[in-house]
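Survey of secondary and tertiary structure
Chain residues, written in single-letter form:
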Amino acid sequence: MSKLDELSQAVEAGKAKLVPALVQAALDEGNSATDVLNVGMIDAMDRVGEKFKNGDIFVPEMMIAARAMKTGVEILKPYLASSGSAFIGKYVMGTVYGDLHDIGKNLVIMMIEAAGFEVIDLGIDVPVEKFVEAVENDPEVKIVGVSALLTTTMPAMKETVEALNESAVRDRFKIMVGGAPVTQEFADEIKADVYTADAASAAQKAKELVL
Ligand code: B1M
């Protein structure tokens, strides 16, 4: 079995202690950091999600798998996000209220920082007002990123974007949205400026917006 397969199985089974060494071994085997992330870890999380949906596992198992993936991302960080870029602005990022998922948000932050932004991480379960305050209180904020992972928190994303659109300093910043249930169509409907499907394209797009 390849190290990539072993890693994928370890993430799925939530074996956090094995994951860091397997990430390194998969890289040493010649896999790119992107493959290690996508094939070795994100695909594993998708299988975890499927098992949860089918009632084969429950929330604690999902949490354990999430912890395993986080240990792997720590090892992968320098390979995915080799920085050195000059400062190009501040980026506010958070997961909407009612939503506790942060792995995707943290990956986006990692790539955005590598692109040269200073990121203000508002965390998870972020109230609408906190997003608005963050952009209004700091004139250097050029982009606000809003993440949602649940279909049930898409209305919170809509509310957040609506409040940001009504801000007195709206001309100062752009709004980016993303997360598994979010689509281009939804982003257009709620009047966000940009939708991207993954962390790498979010960083690419963010750069294009400010340069
Ligand atoms: Co939850 N969960 N979860 N969960 N969870 C999902 C999302 C689910 C799809 C599983 C399933 O049923 N198949 C499902 C949602 C179904 C739906 O809404 N239709 C679900 C559910 C139902 C729930 C609970 C309601 C379960 C319950 O309690 N009954 C509950 C909700 C809690 C809450 O938030 N209020 C819950 C809880 C949890 C845990 C806490 C146990 C844990 C999260 C731990 C953590 O994040 N610290 C968890 C996990 C791990 C998952 C799955 C298995 C994995 C999520 C993940 O980290 N993926 C997930 C199934 C799945 O995703 N297949 C599932 C890897 C990550 C890298 O991907 O976050 O999509 P993702 O990020 C991507 C892109 O979306 C994008 O970039 C990233 C990668 O490049 N992206 C952006 C994200 N944000 C972006 C912002 C951008 C641009 C791109 O611009 C600003």
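The paragraphs below set out a description of the structure included in this document. (Residues numbered from 1 in each chain as written. Predicted model: local features only at pLDDT ≥ 70, side-chain atom pairs only at ≥ 80, totals over all residues. Heavy atoms only, no water.)

1. Structural notes on the packing of helix H1 (residues 3-12) against helix H3 (residues 33-53)
When two helices pack together, their arrangement is captured by the angle between the axes and the distance separating the axes. Relative orientation of the contacting elements H1 and H3 amounts to 35 degrees, with a least axis distance of 8 Å. Like other packed secondary-structure pairs, H1 and H3 cross with a definite hand, here right-handed. The residues of H3 that touch H1, namely those facing Leu4, Leu7, Ser8, Gln9, Val11 and Glu12, are Asp35, Val36, Val39, Gly40, Met41, Ala44, Met45, Arg47, Val48 and Lys51. Residue composition of the contact of H1 with H3, grouped by class: nine nonpolar, three polar and four charged. (Axes fitted to C-alpha atoms, helices over the stretch in contact; angles between N-to-C directions. Helix = DSSP H or I, 4+ residues; strand = E, 2+ residues; numbered from the N terminus. Left-handed = near helix turned anticlockwise from the far one by under 90°. Contact = heavy atoms within 4.5 Å. Nonpolar A, V, L, I, M, F, W, Y, C, P; charged D, E, K, R; others polar.)

2. Details of the site of the ligand
Lining the immediate environment of the ligand, one finds 37 residues, of which Leu100, His101, Asp102, Ser147 and Thr151 sit closest. At a separation of 2.7 Å, an oxygen atom of the ligand approaches a polar backbone atom of Leu100. Cavity membership is defined here by more than half of the atoms lying within 2 Å of grid points; on that basis the ligand lies in the largest pocket. Every element with two or more residues in the shell around the ligand is listed here: H3, helix H4 (59-80), strand S1 (89-96), helix H5 (103-114), strand S3 (141-147) and strand S4 (174-178). (Near = heavy atom within 4 Å. Polar contact = N/O pair within 3.5 Å; in protein donor to acceptor, adjacent residues only side chain to side chain. 1 Å grid on protein atoms, 1.4 Å probe; cavity = no way out; pocket = protein on both sides within 12 Å on 5 of 7 lines; lining within 4 Å. Sits in = over half its atoms within 2 Å of the grid points.)

3. Focus on the side chain of Thr153
Inspection of the secondary structure assignment puts Thr153 in the loop between S3 and helix H7 (154-165). Taking the relative accessible area as the measure of exposure, Thr153 reaches 4% and is therefore buried. Here the side chain of Thr153 touches Asp99 through a polar contact of 2.7 Å, side chain to side chain. In this structure, Thr153 is in contact with Val96, Tyr97, Gly98, Asp99 and Ala148, ignoring residues within four places of it in sequence. (Buried < 20%, exposed > 50% of the residue type's maximum accessible area, 1.4 Å probe, protein only.)

4. Structural notes on the layout of surface pockets
The calculated volume of the largest pocket comes to roughly 1,500 Å³. Forming the walls of the largest pocket are 45 residues, and the residues nearest its centre are His101, Ile103, Gly104, Leu149 and Ala180. Looking at the lining of the largest pocket, the elements that each hand over two or more residues are H3, H4, S1, H5, S3, S4 and helix H9 (199-210). It is H3 that contributes the most residues to the lining of the largest pocket, 11 residues altogether. The residue makeup of the lining of the largest pocket, split by class, is 28 nonpolar, 10 polar and seven charged. Considering the residues around the second largest pocket, the lining is formed by Lys70, Val73, Glu74, Lys77, Ile103, Asn106, Leu107, Ile109, Met110 and Glu113. When contributions to the lining of the second largest pocket are tallied by element, the ones reaching two or more residues are H4 and H5. (Points joined across faces, edges and corners; volume = space filled by probe spheres on them.)

5. Considerations on the pairing of S1
Most of S1 is tucked away, with eight of its eight residues classed as buried. Across seven bridges, S1 lies against strand S2 (residues 117-126) in parallel orientation. Each residue of the ladder has a partner; that of Lys90, found in S2, is Glu118. Read from S1 through H5 to S2, the crossover connection turns out right-handed. Direction of pairing for S1 relative to S3: parallel, over a ladder of six bridges. Bridged to Lys90 within S3 is Val141. (Pairing = 2+ DSSP bridges. Right-handed = clockwise from strand over helix to strand, strands pointing away.)

6. Details of the coordination of the cobalt atom of the ligand
Ideal values differ by geometry: the angle at a metal is 109.5 degrees with four tetrahedral donors, but 90 or 180 degrees with six octahedral donors. Coordination of the cobalt atom of the ligand by the protein involves just one donor, His101 (NE2), at a distance of 2.3 Å. On the secondary structure map, His101 appears in the loop between S1 and H5. (Donors = N, O, S within 2.8 Å, 3.2 Å for Na, K, Ca; no water.)

7. Points about the pattern of salt bridges
One pass over the full model with this rule turns up 11 salt bridges. Across the salt bridge formed by Glu6 and Lys3, the nearest N and O atoms sit 3.3 Å from each other. With Glu6 and Lys3 both in helix H1 and three residues apart, the pair spans about one turn of that helix. The residue Glu208 makes a salt bridge to Lys205 at a minimum N-O spacing of 3.5 Å. (Salt bridge = Lys/Arg side-chain N within 4 Å of Asp/Glu carboxyl O.)

8. What to know about H7
If you check H7, its first and last C-alpha atoms are 16 Å apart, about what 12 residues at 1.5 Å a residue would give, namely 16 Å. Buried residues of H7: Met154, Ala156, Met157, Thr160, Val161 and Leu164, and no others. Take H7 and look down its axis: the buried residues cluster within an arc of 155 degrees, on one side only. In this fold, the buried residues of H7 make contact with S1, helix H6 (128-136), S3, S4 and helix H8 (184-189). (Expected span 1.5 Å × (residues − 1). Arc of directions from axis to C-beta.)

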